[in-house]
Amino acid sequence: MKIVDAKVVVTSPGRNFVTLKITTDEGISGLGDATLNGRELAVASYLQDHVAPLLVGIDPHRIEDTWQSLYRGAYWRRGPVTMAAIAAVDVALWDIKAKAAGLPLYQLLGGASRERVGTYGHANGQDIPELFDSIRARMAEGYPAIRIQTGIPGLKTVYGVHHSAGATAVPHQQARPVVEDWDTAAYLRHIPTVFEAVRNEFGPELPLLHDAHHRLTPIQAAQLGKDLEPYRLFWLEDCTPAEDQDGLRLVRRHTTTPLAIGEVFNSVYDYQTLVSEKLIDYVRSAVTHFGGVSPLKKLFDFAAQHQIKSAIHGPEDISPVGMAAAIHLDLAIHNFGIQEYAGYTPLTDEVFPHAYTFTDGYLHPGEAPGIGVELDEDLAAAHGYEAAYLPVNRLLDGTVHDW
Ligand code: CS2
Ligand code: MG
């Protein structure tokens, strides 16, 4: 079998997605997700201008060799743009291989290790009553775990809280970066009171998650982790910018609140200290941003040696192609933790018809050969790219801060 064509499709059915379609001389094609929120065209060009021409003529069954050739052959390694491009190729080749075998991808990854994939959904509210309504909505949808994000008194807009209470899709994207404001002290005072109120209303059993979104220093993260211990969180996510892996040693010394990190990581080297010293409990990288199924399964095997579990990143800016690949991995690996699932708009689901199902809070990849996703190219073409950027976060004195 030989690759005869590789093309990039950029579509925006409500938000931008970048999809790679690889076609073979036997008529089998495969899809890969290359969406990098706010920098989509950089990955589209990396693929279209520098990778696609090199793929024509190679054997699509040689997934590992193709991955290593793209990683080592580029000379310039790692980084979100490179690894999203390589991820799209990797997933498209796994899609082709599984289709050629007539099997759903998870069967090529070791088969099912569970019957279904547990998820967590997003609950948010500008204030406690709005948050409670959102929690009840996610519980009604069956989510077994729920992420809690709220407004902060005195701040206008905060990550994870949008203006239409209850919607699951968080509209991060704007035509130009929107400036949000931030006050760490106000946040640190407020969040423990939020979890106190949630536990009083919903009891001690509901698994609760919270995303600090890289905004705290290590000692502030340690303080928040300690303050949240009475509420037994499922996890505190991105408590501090973790490219400074050493910072997590300080956090870990002070708190037993489980920690989840890694959605912005794209290489196993980003995790080396965090995993080998057991400084975190969940690894968060997505198939789309970590170079594909091949490296992510290796990461999960590394994490398993340290009793660390998977928690693949799954907001609405991972396309249904990337989500499908994740669900196949989720079903197959032993050290599965949880899958983030924010859901998609009906138009997105029309552009990306898929075999995976979401039922009462649980996902299953389905039994379609490959990853089980198709691309309606005509519908995709009818919704072209729209320039859109993530917000920028500034402290009250105007200093730019992590978003
Ligand atoms: C968030 C993401 O889902 C999460 O955990 O951190 O929604 C993140 O803000 C977006 O993926 C950024 O594009
Ligand atoms: Mg996050």
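Being a predicted model, the structure only gives us computed values, none of them experimental. (Residues numbered from 1 in each chain as written. Chains lettered and ligands numbered in written order. Predicted model: local features only at pLDDT ≥ 70, side-chain atom pairs only at ≥ 80, totals over all residues. Heavy atoms only, no water.)

**A look at the sheet that holds strand β1 (residues 3-11)**
Within a sheet, adjacent strands bond to each other through the backbone by hydrogen bonds, running parallel or antiparallel. Read across the sheet, three strands follow the order β1-β2-β3 without closing on themselves; strand pairing throughout is antiparallel. Every interior strand has two partners, whereas the edge strands, β1 and β3 (29-33), have only one. Neighbouring strand axes in the sheet, compared pairwise and without regard to direction, differ in orientation by 20° on average. Judged from the eight bridges that link them, β1 and strand β2 (residues 17-24) form a sheet pairing that is antiparallel. Within β2, the position partnered with Lys7 by the bridge is Lys21. (Pairing = 2+ DSSP bridges. Helix = DSSP H or I, 4+ residues; strand = E, 2+ residues; numbered from the N terminus. Axes fitted to C-alpha atoms, helices over the stretch in contact; angles between N-to-C directions.)

**Some words on the coordination of the magnesium ion (ligand 2)**
Within the protein, the magnesium ion (ligand 2) binds to Asp211 (OD), Glu237 (OE) and Glu263 (OE); these donor distances fall in the range 2.1 to 2.2 Å. Going along the chain, you hit the donors of the magnesium ion (ligand 2) in the pattern D-x25-E-x25-E. On the criterion of sequence distance, the pair formed by Glu237 in strand β8 (residues 235-237) and Glu263 in the loop between β9 (259-261) and α9 (272-276) is long-range, its members being 26 residues apart. No difference in accessibility class separates Glu237 from Glu263, as the two residues are buried. (Donors = N, O, S within 2.8 Å, 3.2 Å for Na, K, Ca; no water. Buried < 20%, exposed > 50% of the residue type's maximum accessible area, 1.4 Å probe, protein only.)

**Quick look at helix α7 (residues 218-228)**
All of the buried residues in α7 are Ala221, Ala222, Leu224, Gly225 and Leu228. Mapping the buried residues of α7 onto a view down its axis gives an arc of 165°, with all of them on the same face. On its buried face, α7 is in contact with α6 (184-202), β8 and α8 (247-254). (Arc of directions from axis to C-beta. Contact = heavy atoms within 4.5 Å.)

**Here we look at the site of ligand 1**
Taken together, 15 residues form the shell around ligand 1, and within it Asn37, Tyr159, His213, Glu263 and Glu340 come nearest. In the model, an oxygen atom of ligand 1 is placed 2.7 Å from a nitrogen or oxygen of the Asn37 side chain. Glu340 is positioned such that a nitrogen or oxygen atom in its side chain is 2.4 Å from an oxygen atom of ligand 1. Here ligand 1, which alone exposes 340 Å², has 94% of that area covered by the protein. Here the residues of the shell around ligand 1 are counted per class, giving four nonpolar, four polar and seven charged. (Near = heavy atom within 4 Å. Polar contact = N/O pair within 3.5 Å; in protein donor to acceptor, adjacent residues only side chain to side chain. Areas by Shrake-Rupley, 256 points an atom, 1.4 Å probe, with all protein chains shown as cover. Nonpolar A, V, L, I, M, F, W, Y, C, P; charged D, E, K, R; others polar.)

**Regarding the packing of aromatic side chains**
Tallied over the entire structure, the rule returns 15 aromatic pairs. For the ring pair Tyr75 and Trp76, a centre distance of 4.8 Å and an interplane angle of 85° mean the geometry is edge-to-face. Accessibility classification places Tyr75 together with Trp76 in one group, the exposed group. Aromatic side chains Trp235 and Tyr282 sit 5.2 Å apart centroid to centroid with 55° between the ring planes, which places their arrangement in the tilted category. Taken together, the residues Trp235 in strand β8 and Tyr282 in strand β10 (residues 282-283) connect sequence positions 47 residues apart. Pair check on accessibility: Trp235 and Tyr282 agree, each one buried. Clustering of aromatic rings is evident, with ring pairs tying together Tyr120, Phe234, Trp235 and Tyr282. One Lys or Arg, Arg215, reaches over the ring of Trp182 and ends 4.7 Å from the middle of that ring. It is Lys298 that lies over the ring of Trp67; its NZ or CZ is 5.9 Å from the centre. (Phe/Tyr/Trp six-rings, centres within 6.5 Å; stacked < 30°, edge-to-face > 60°. Lys NZ or Arg CZ within 6 Å of the ring centre and 35° of its normal.)

**A look at the pairing of β3**
Within β3, five of the five residues are buried, which leaves the element mostly enclosed by the surrounding structure. Residues Ser29, Leu31 and Asp33 line one face of β3 and the alternating positions Gly30 and Gly32 line the opposite face, and both faces are buried. With antiparallel pairing between neighbouring strands as the criterion, β2 and β3 make up a hairpin whose turn holds four residues, including Gly27 at a positive phi of roughly 80°.

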